Amino acid sequence: ARDNSSTETYYLQVERQASSNTYLDYLYTSEGDLTPIFNKNTLTYNIEVENNVEEIELFGEAIDKSTIVTGLGVHSLNTGENKIPVKVTTKTGISRTYYVIVNRKKSSDNYLENLTVKVGNTNYELTPTFDKETLSYTVTVPVGTKTIDIDGKVSSSASVDGLSTKNIKAGENEIIINVTSEDGNVRTYKIIVTREKSDNNYLIDLIPSIGFLEPTFDYTSTDYTLNLDSSASILSFEAITEDEGATISGNESKIVPDGTSTRLLIVTAEDGSTRTYKITINKDRSDNAKLASLSVIGYSFKEEFDPEIHEYHVTVPNSKKILLSSDVLASTQDPNAKITKQANTTLYTTKENEYIVKVTAKDGFTTEEYKIIVEREKSNNAYLSSLKVNTGYLLENFNPNVYEYTWVVKKNSVINVDSVTATASDINATIIKTESLTVKENNEYIVKVISEDESETIEYKLKLQLDLSNDSTLSYINIDLGYYLPEFSPNIYEYDVYEYEDTETITIDSKPN
């Protein structure tokens, strides 16, 4: 104070504000270059590395050295995208995060590292010797081998399809093994496994479904007899091959025909060699009314003949108008059976034509009928057989192959659908005529003929020509009273009329030609 004896002290507390700078000064990696080039204001960067790069190291430093930077250093990489955050945090807790996205390429390794073929515990050598660069191999396994084991190994990043137990057959078997790399590329290995074929074509047993073989079955015998009574209808055989790979044909169920017949059972070994077993079958019946054959001379059924099928279909041309009894040929299975055939049959195109063949068995009362359905093709005939006009006349004589005519008519004629009479060569053809026509020079009256099968159409044209007659004669003369002489004739021009004495007037009527 002024007295210099009293004082007061004032204090100012100055606090320096902490930095808020969260920028990196620089950022780079141990592998490749960042995209885009580092800029402190850019927060996201990308980099792509090869599949064999398993880790990457990030280097960087903050502008403000007092901040804390996390995320720098070494990072392990997975295949594909790896998003690595680098965070800069001030002492006051303000932060900024940069991201480095590292794309590690997928592996392209699609090789097998080894490959083996096993039957049971036995390895079979591949040809050529396995090499991962070689894609095709062959191997041979013994007769009778049913399954093989295909084994192998691939890198941990690849996947494989085809390493498993495989069923095989005799001959060549193609085995495909696909190895797919992580990046999706496929490498295909192929093994042709050849299983030797067996030549064993023997049966070890043969049993008929009815009756008994004579002699009894023997491994070395191939000829047998089977006697059956009349009740036998269906016969099959149970046949067992010695080699499981052999096949058999002819043992299926079949109808047993009457009389003597033969069944052949053929055993085929894996190598294609065959052995035939012959069974002669004897069956006696008296009620067999079945045909052995049926046909129509010159034509084929749509169905293959079978005694058990009783209806057959045949198509004949339009020109075939009658099916003669002699056209139908038939024979019976039993020579003692009797055939009765239908008489000659007219064939129509507009309805179904049926022909019956009846068979009567030896017993006299067992019968069977076989029906032939005959389809007669529709006609393609679109010609007229005659053409007449009911008024006037045609200048030309009618000819079916001539399609244009001149029709002379009088000017006062009336022409309609009934003015022309047309007859088709084929009764089933359709005729369409002009309904009405004005009588005028050169007008055309049309007669259209459509064939039965509608494949052909012919038009007959009648062109009008007016009849300008120069005939000046009369067609008659009539008088109401009396009479005249001579008798009227168009070419007599003078007549004497005789009347009663008291007749004062007469009426004369006439008409010109």
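Residues numbered from 1 in each chain as written. Predicted model: local features only at pLDDT ≥ 70, side-chain atom pairs only at ≥ 80, totals over all residues. Heavy atoms only, no water.

Engineer: Which parts of the structure should I look at to understand the packing of aromatic side chains?
Structural biologist: Between two aromatic rings, the relevant description is the distance of the centres plus the angle of the planes. Per the counting criterion, the structure on display carries 18 aromatic pairs. Summarising the aromatic geometry, the rings of phenylalanine 38 and tyrosine 98 are spaced 6.1 Å apart at their centres and angled 45° between planes, so their arrangement reads as tilted. Linking phenylalanine 38 in the loop between strand S1 (24-29) and strand S2 (44-49) with tyrosine 98 in strand S7 (residues 95-104), this pair joins segments that are 60 residues apart in sequence. Members of the aromatic cluster, joined through ring pairs, are Phe301, Phe305, Tyr312 and Tyr370. When the ring centre of tyrosine 111 is taken as origin, the NZ or CZ atom of lysine 132, which lies over that ring, is 4.7 Å away. Residue placement shows lysine 351 over the ring face of tyrosine 348; its charged tip is 4.6 Å from the ring centre. (Phe/Tyr/Trp six-rings, centres within 6.5 Å; stacked < 30°, edge-to-face > 60°. Helix = DSSP H or I, 4+ residues; strand = E, 2+ residues; numbered from the N terminus. Lys NZ or Arg CZ within 6 Å of the ring centre and 35° of its normal.)

Engineer: I would appreciate a short explanation of the sheet that holds strand S20 (residues 247-249) in the present structure.
Structural biologist: Strand pairing in a sheet relies on backbone hydrogen bonds, with the paired strands running either antiparallel or parallel. Spatially, S17-S23-S22-S20 is the arrangement adopted by the four strands of the open sheet, whose pairing is mixed. Only two strands of the sheet have a single neighbouring strand rather than two, namely strand S17 (223-228) and S20. Each adjacent strand pair in this sheet contributes to an overall mean axis angle of 20°, direction not counted. In terms of strand pairing, strand S22 (residues 259-268) meets strand S23 (residues 274-283) through ten bridges, oriented antiparallel. If you follow isoleucine 266 over to S23, its bridge partner there is threonine 276. (Pairing = 2+ DSSP bridges. Axes fitted to C-alpha atoms, helices over the stretch in contact; angles between N-to-C directions.)

Engineer: Help me out: how do you make sense of a negative patch on the surface in this one?
Structural biologist: A contiguous patch of negative charge on the surface is contributed by Glu377, Asp453, Glu454 and Glu456. Here glutamate 456 shows up in the loop between strand S39 (444-450) and strand S40 (457-466). (Patch = residues over 30% accessible without salt bridge, like charges linked within 9 Å, V, L, I, M, F, W, Y side chains within 5 Å. Areas by Shrake-Rupley, 256 points an atom, 1.4 Å probe, with all protein chains shown as cover. Salt bridge = Lys/Arg side-chain N within 4 Å of Asp/Glu carboxyl O. Lys, Arg positive; Asp, Glu negative; His and termini not counted. Charge placed at Lys NZ, Arg CZ, Asp CG, Glu CD.)

Engineer: What should I look at first to understand the sheet that holds strand S8 (residues 112-119) in this one?
Structural biologist: Read across the sheet, four strands follow the order S9-S8-S11-S13 without closing on themselves; strand pairing throughout is antiparallel. Edge positions in the open sheet fall to strand S9 (122-124) and strand S13 (165-167), since each of these has one partner strand only. Along the sheet, successive strands turn relative to each other by an average axial angle of 35°, direction set aside.

Engineer: Just to check I follow, could you spell out the pairing of strand S36 (residues 420-424) for this structure?
Structural biologist: Successive residues of a regular strand alternate their side chains across the two faces of the sheet. Of the two faces of S36, only the one carrying Val420, Ala422 and Ala424 is buried; Thr421 and Thr423 on the other face are not. Bridge count between strand S32 (residues 384-389) and S36: five bridges; the pairing is antiparallel. Paired with lysine 388 across the bridge in S36 is threonine 421. (Buried < 20%, exposed > 50% of the residue type's maximum accessible area, 1.4 Å probe, protein only.)

Engineer: Mind showing me how you'd approach the side chain of threonine 332 here?
Structural biologist: Tracing the backbone through its elements, the reader meets threonine 332 in strand S27 (residues 328-332). Overall, threonine 332 belongs to the buried group, its relative accessible area being 16%. The contact partners of threonine 332, leaving out residues within four places of it in the chain, are Lys290, Leu291, Ala292, Ala337, Ile339 and Val359. (Contact = heavy atoms within 4.5 Å.)

Engineer: How do you make sense of a nonpolar patch on the surface when you look at a structure like this?
Structural biologist: A cluster of nonpolar side chains, Leu481, Val497, Ile506 and Ile508, forms an exposed patch at the surface whose accessible area comes to about 310 Å². One can find valine 497 in strand S43 (residues 496-498). Residue classification places valine 497 among the partly exposed residues on the basis of a relative accessible area of 40%.

Engineer: What is the right way to read the nonpolar core from this model?
Structural biologist: A general feature of soluble globular proteins is that nonpolar side chains tend to end up buried together. The biggest cluster of nonpolar side chains holds 23 residues, and the ones touching the most others in it are Leu387, Trp407, Ile415, Val420, Tyr445, Val447 and Leu462. Mapped onto this core, the elements with two or more residues apiece are S32, strand S34 (404-409), S36, S39 and S40. Per-element tally for this core: the top contributor is S40, with five residues. Setting aside its immediate chain neighbours within four residues, valine 447 contacts Leu384, Leu387, Val420, Ala422, Ile431, Ile432, Lys433, Ile458, Glu459 and Tyr460. (Core = buried A, V, L, I, M, F, W, Y, C linked by side-chain atoms within 4.5 Å.)

Engineer: Can you walk me through the confidence of the model for the chain in this structure?
Structural biologist: Interpretation of this model should avoid reading the predicted coordinates in detail wherever pLDDT is low. Taken residue by residue, the chain gives an average pLDDT of 91. The fraction at 70 or more is 97%. Considering each helix and strand of the chain separately, the mean pLDDT is smallest for strand S44 (residues 508-512), with a value of 82, and largest for S39, with 97. (pLDDT = per-residue confidence, 0-100.)

Engineer: Mind showing me how you'd approach the pattern of salt bridges here?
Structural biologist: Side-chain pairs of opposite charge can arise whenever the charged atoms involved come near each other. Counting across every chain of the model gives 14 salt bridges. Residue lysine 290 pairs with glutamate 368 through a salt bridge whose shortest N-O separation is 3.1 Å. Pair noted here: lysine 290 is in the loop between S23 and strand S24 (291-296) and glutamate 368 is in strand S31 (residues 367-376), with a separation of 78 residues, a long-range link. Like lysine 290, the residue glutamate 368 is buried in the burial classification. One salt-bridge network, in which partners are shared between bridges, spans Glu48, Glu50 and Lys105.

Engineer: Honestly, the environment of serine 325 in this entry has me stumped. Any pointers?
Structural biologist: The topology assignment puts serine 325 in the loop between strand S26 (322-323) and S27. Along the chain, serine 325 and glutamine 342 lie 17 residues apart, while their C-alpha atoms are 6.5 Å from each other.

Engineer: How should the side chain of arginine 376 be read in this particular structure?
Structural biologist: Turning to its location among the elements, arginine 376 is positioned in strand S31. Salt bridges are absent for the buried arginine 376, whose nearest opposite-charge side chain, aspartate 426, sits at 5.8 Å. A distance of 2.8 Å separates a polar atom in the side chain of arginine 376 from the backbone oxygen of asparagine 318. Separated by 3.5 Å, the side chain of arginine 376 and the backbone oxygen of lysine 320 make a polar contact. Setting aside residues no more than four positions away along its own chain, arginine 376 makes contact with Val316, Pro317, Asn318, Lys320, Lys321, Leu347, Tyr348, Thr349 and Asn353. (Polar contact = N/O pair within 3.5 Å; in protein donor to acceptor, adjacent residues only side chain to side chain.)

Engineer: What should I look at first to understand unusual backbone geometry in this one?
Structural biologist: In most cases, non-glycine residues show a negative phi, while peptide bonds are predominantly trans. Looking along the chain, the bond that leaves threonine 127 and enters proline 128 is cis, with omega of -5°. In this fold, proline 128 is placed in the loop between S9 and strand S10 (136-141). Residue proline 215 is bonded to the preceding glutamate 214 through a cis peptide linkage, with omega at -10°. Along the polypeptide, proline 215 turns up in the loop between strand S16 (203-208) and S17. In this structure, asparagine 442 is a non-glycine residue whose phi angle is positive, near 75°. With respect to the helices and strands, the residue asparagine 442 is situated in the loop between strand S38 (436-437) and S39. Its relative accessible area of 48% is what places asparagine 442 among the partly exposed residues. At glutamate 454, a position not held by glycine, the phi torsion is positive, near 65°. Among the structural elements, glutamate 454 can be located in the loop between S39 and S40. Overall, the relative accessible area of 66% leaves glutamate 454 in the exposed class.

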